Amino acid sequence: MGAEVLTCLMFLVVGLNAIAAAAGLALFAVAIWVAVDGYKLYPISGVSGKDDIFAGAWIAIFTGFAFFLTCIFGIFAALKRSRALMLVYLIIMFIIFLFECASAITAATNRDYLVGNSNLVKKQMLQYYGQNSTQGMQITQTWNRVMEQVECCGADGPKDWLEYNSTLKQIYPTFNWPLGCCKRLSTFELENTANCKLGLTSTLFSKGCFSYIESVLSRYTWAVSWYGFSVLMLVFFTLVIAMIYYMYLE
């Protein structure tokens, strides 16, 4: 192959690796955001043992930074026009590529399991809310915060607490639903506890919380999985060009 074409390939490999390095750093940052769980919904997925969205985020933290470092090495290898260095670069990139595939697929499939419908989230809520255990206290705190902040009640609505058996009913027979379902004043005090217990709509949140939980988990999935897939497409194209460059190096 002519020297000019080889030089063009070299600059193409360098340019693609520079873009992939930036994308890897962005993936690293996004995955950290998911792993930190700013919305504090981990207990809802963790209590079922289906916390693969967060497991995928931890893998993406590793792969994002690994992509960045390896792309920098790839730029060096391309500029040196070394077949040995390019081969090392290709092998490492392929291994990281496989790890990121696992991260993206894991997050996507787990999201579908958790938010395919509200039944799983509802079942966990009814089973663990008010329970005197580590998981119970975590779920109770999570649901109290969500209901108060989002102004919602139950998964699909207040009727969840009436239509199904729950730990709350067993512990507090006089409570139809948690006090977190009750509307509050600007001072965060309950507006009217007695009327809320009776179910008067003027003092009770009527909408369910599932749509909020679904939207948050979907954001996490988009961050880890779908952005991860876009990085994978970029890396795949970079690998193809790098392989062509490697084949024509002497």
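Residues numbered from 1 in each chain as written. Predicted model: local features only at pLDDT ≥ 70, side-chain atom pairs only at ≥ 80, totals over all residues. Heavy atoms only, no water.

**A word on the overall build of the protein**
Going by this rule: Runs of E in the DSSP output that reach at least two residues are strands. Runs of H or I that reach at least four are helices, and both are numbered from the N terminus. Values of the radius of gyration come from C-alpha atoms, whereas the globule rule sets the reference at 2.2 Å times the count of residues to the power 0.38. Relative accessibility decides the category of a residue: with a 1.4 Å probe and only protein chains considered, values under 20% of the type maximum give buried, values over 50% give exposed, and everything between is partly exposed. Any two residues whose heavy atoms approach within 4.5 Å at even a single point are treated as in contact. Calculation of accessible area relied on Shrake-Rupley with a 1.4 Å probe; when residues are assessed, cover is drawn exclusively from the protein chains displayed. The convention is simple: Lys and Arg are positive, Asp and Glu are negative, and His and the chain ends are not counted. Charge coordinates come from a single atom per side chain, which is NZ of Lys, CZ of Arg, CG of Asp or CD of Glu.
Scanning the protein for helices and strands turns up ten helices and zero strands. Beginning at the N terminus, the succession of helices and strands in the protein can be written as α-α-α-α-α-α-α-α-α-α. Relative to the globule expectation of 18 Å for 250 residues, the C-alpha radius of gyration of the protein, 25 Å, shows a markedly less compact shape. Over its C-alpha atoms, taken along the principal directions, the protein stretches across nearly 85 × 30 × 25 Å. Of all 250 residues assigned to the protein, the portion counted as buried reaches 46%. If you take every contact in the protein between residues at least 6 apart in sequence, the share linking residues at least 24 apart comes to 73%. When the accessible surface of the protein is summed, it comes to about 12,400 Å², and 65% of that surface belongs to carbon and sulfur atoms. Within the protein, one finds 16 positive and 15 negative side-chain charges whose respective centroids are separated by 2 Å.

**Points about the confidence of the model for the protein**
Which entries qualify depends on this criterion: Confidence scores labelled pLDDT are given residue by residue by the predictor and lie between 0 and 100.
For the protein, per-residue confidence averages 88 on the pLDDT scale, and residues scoring 70 or more make up 96% of the total. The element-level mean pLDDT for the protein is lowest in helix H9 (residues 193-198), coming to 80, with helix H3 (residues 52-80) highest at 93.

**What to know about the packing of aromatic side chains**
Cut-off, in case you're wondering: Planes of paired rings set the category: under 30 degrees apart is stacked, over 60 is edge-to-face and the rest tilted, where pairs are Phe, Tyr or Trp rings (Trp by its six-membered ring) whose centres lie within 6.5 Å. Any Lys NZ or Arg CZ found within 6 Å of a ring centre and within 35 degrees of that ring's normal is scored as a charge over the ring.
Applying the stated criterion across every chain, the model contains twelve aromatic pairs. Judged by centre distance (5.7 Å) and plane angle (70 degrees), the rings of Phe54 and Tyr220 are edge-to-face. Of the two residues, Phe54 sits in helix H3 while Tyr220 sits in helix H10 (residues 210-247), which places them 166 residues apart along the sequence. Neither Phe54 nor Tyr220 differs from the other in exposure class; each is buried. Lying over the aromatic face of Tyr246, Arg83 brings its terminal NZ or CZ to 4.3 Å of the ring centre.

**Quick notes on unusual backbone geometry**
Positive phi values are uncommon outside glycine, yet Asp37 reaches one of about 60 degrees. For Asp37, the location among the structural elements is in the loop between helix H1 (3-36) and helix H2 (42-46). We note that Glu151 has phi near 60 degrees; this positive angle belongs to a residue other than glycine.

**Thoughts on the packing of helix H5 (residues 119-128) against helix H6 (residues 134-150)**
This is how it is decided: Simply put, an axis is a line fit to the C-alpha atoms, just over the touching stretch for a helix, and the angle between two N-to-C directions goes from 0 to 180 degrees. Put simply, a crossing is left-handed when the front helix is turned counterclockwise from the back one by less than a right angle, and right-handed when it is turned clockwise. The nonpolar class holds Ala, Val, Leu, Ile, Met, Phe, Trp, Tyr, Cys and Pro. Asp, Glu, Lys and Arg form the charged class, and all remaining residues, Gly among them, are polar.
It is the contact of H5 with H6, at a shortest axis distance of 9 Å, that shows an interaxial angle of 115 degrees. In the crossing of H5 with H6, the sense of the turn from one axis to the other is left-handed. For the pair formed by H5 and H6, the contact residues are Val121, Gln124, Met125 and Tyr128 on the first element and Gln135, Gly136, Ile139, Thr140 and Trp143 on the second. Of the residues assigned to the contact of H5 with H6, the class counts are five nonpolar, four polar and no charged.

**Describing a nonpolar patch on the surface**
We apply this condition: Candidates for patches are residues over 30% relative accessible area with no salt bridge; among them, like charges are joined within 9 Å and nonpolar side chains (Val, Leu, Ile, Met, Phe, Trp, Tyr) within 5 Å. The working definition used for a salt bridge is a side-chain nitrogen of Lys or Arg within 4 Å of a carboxyl oxygen of Asp or Glu.
Together, Phe62, Leu87, Ile91, Ile95 and Phe99 make up a nonpolar patch on the protein surface, roughly 470 Å² of accessible area in all. Per element, the largest residue contribution to the nonpolar patch is four residues, and it comes from helix H4 (residues 83-115). Positionally, Phe99 belongs in helix H4.

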